[in-house]
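Summary of structural features
What follows is each chain in one-letter form.
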Amino acid sequence: MSRKTGILISGRGSNMSALIEAAKGPGYPAEIAVVISNNLDAEGLKYAEEAGIATAAIDHRAHDSREAFEHVVDAELREHNVELVCLAGFMRLLTAEFVDGWRDRIINIHPSLLPAYPGVSIHERVVNDGVRISGCTVHFVRAEMDMGPIIAQAAVPVLPDDTADTLAQRVLTSEHRLYPQALRLVADGRVRVVHERVVFADPETESAPLYVPALRGNTR
Ligand code: GRF
């Protein structure tokens, strides 16, 4: 059974594209039903349209309150019978009401090994701190930013000559592999949340969501 999935974006949409491409694969358990952007000029919208996916541009500035904006987003998701929501570079904070309405059915990708480095300017902070291993995380969304039960993580080495940009690029490559893998787990019903931790249906699944890409080579 293919779970109808909505993706919320604000910009480039490269993670969105990775999810769209993965969902085209045979037997993938999620189908991308709609892409919604709060930014009318988001590059990702064009990609989604060209891929034949329904899109909606909902300008948050055109609404009086966060709640009013989210009400329209929620209606759009429900209109497309969405069961799962993926945040992919969606740059608006969501209210507790919205998040609770989609509890354990809304996931996010963040370019650090959470709970380390929530927030913004992650790669700058990682490089400045001299951290040796960074990465990315897919987690269930909670009302607190970048918090919530962790579904999958990928580790990415920080190289001695890395800048925030080169690290961002290498982490992004990992994001594009990790997010489709994590959505697959959720859509397949192979993960569930127990006491605010993710529990895997089988031990084989448990080891799948963590990998360390090669230190050098084509992941650079
Ligand atoms: C990614 O690094 C994602 O982890 C973060 O925002 C960025 C979005 O990039 N939440 P894109 O729009 O998916 O290309």
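Residues numbered from 1 in each chain as written. Predicted model: local features only at pLDDT ≥ 70, side-chain atom pairs only at ≥ 80, totals over all residues. Heavy atoms only, no water.

**So, the site of the ligand**
Every residue lining the ligand is accounted for by Arg-12, Gly-13, Ser-14, Asn-15, Gly-89, Ile-109, His-110, Pro-111 and Glu-175. Side-chain polar atom of Arg-12 to an oxygen atom of the ligand: 2.5 Å apart, as the coordinates give it. One of the backbone N or O atoms of Asn-15 is found 2.9 Å from an oxygen atom in the ligand. A majority-of-atoms criterion places the ligand in the largest pocket. Sorting the residues of the shell around the ligand by element identifies helix H1 (14-23) and strand S5 (106-110) as the ones contributing at least two each. In the shell around the ligand, the residues fall into 2 nonpolar, 5 polar and 2 charged. Each of domain 1 (1-102) and domain 2 (109-220) gives at least three residues to the shell around the ligand. (Near = heavy atom within 4 Å. Polar contact = N/O pair within 3.5 Å; in protein donor to acceptor, adjacent residues only side chain to side chain. 1 Å grid on protein atoms, 1.4 Å probe; cavity = no way out; pocket = protein on both sides within 12 Å on 5 of 7 lines; lining within 4 Å. Sits in = over half its atoms within 2 Å of the grid points. Helix = DSSP H or I, 4+ residues; strand = E, 2+ residues; numbered from the N terminus. Nonpolar A, V, L, I, M, F, W, Y, C, P; charged D, E, K, R; others polar. Domains from an automatic or database assignment.)

**Brief notes about the pairing of S5**
A large share of S5 lies buried, amounting to 5 of its 5 residues. The side-chain alternation of S5 yields two buried faces, one formed by Ile-106, Asn-108 and His-110 and the other by Ile-107 and Ile-109. The pairing of strand S4 (residues 84-87) with S5 spans 3 bridges and is parallel. Within S5, the position partnered with Cys-86 by the bridge is Ile-107. Between the parallel pair S4 and S5, the chain is carried across by helix H4 (residues 96-101), and the sense of this crossover is right-handed. In this structure, S5 lies alongside strand S6 (residues 133-140), joined through 4 bridges in antiparallel fashion. Residue pairing across strands places His-110 opposite Thr-137, the latter belonging to S6. (Buried < 20%, exposed > 50% of the residue type's maximum accessible area, 1.4 Å probe, protein only. Pairing = 2+ DSSP bridges. Right-handed = clockwise from strand over helix to strand, strands pointing away.)

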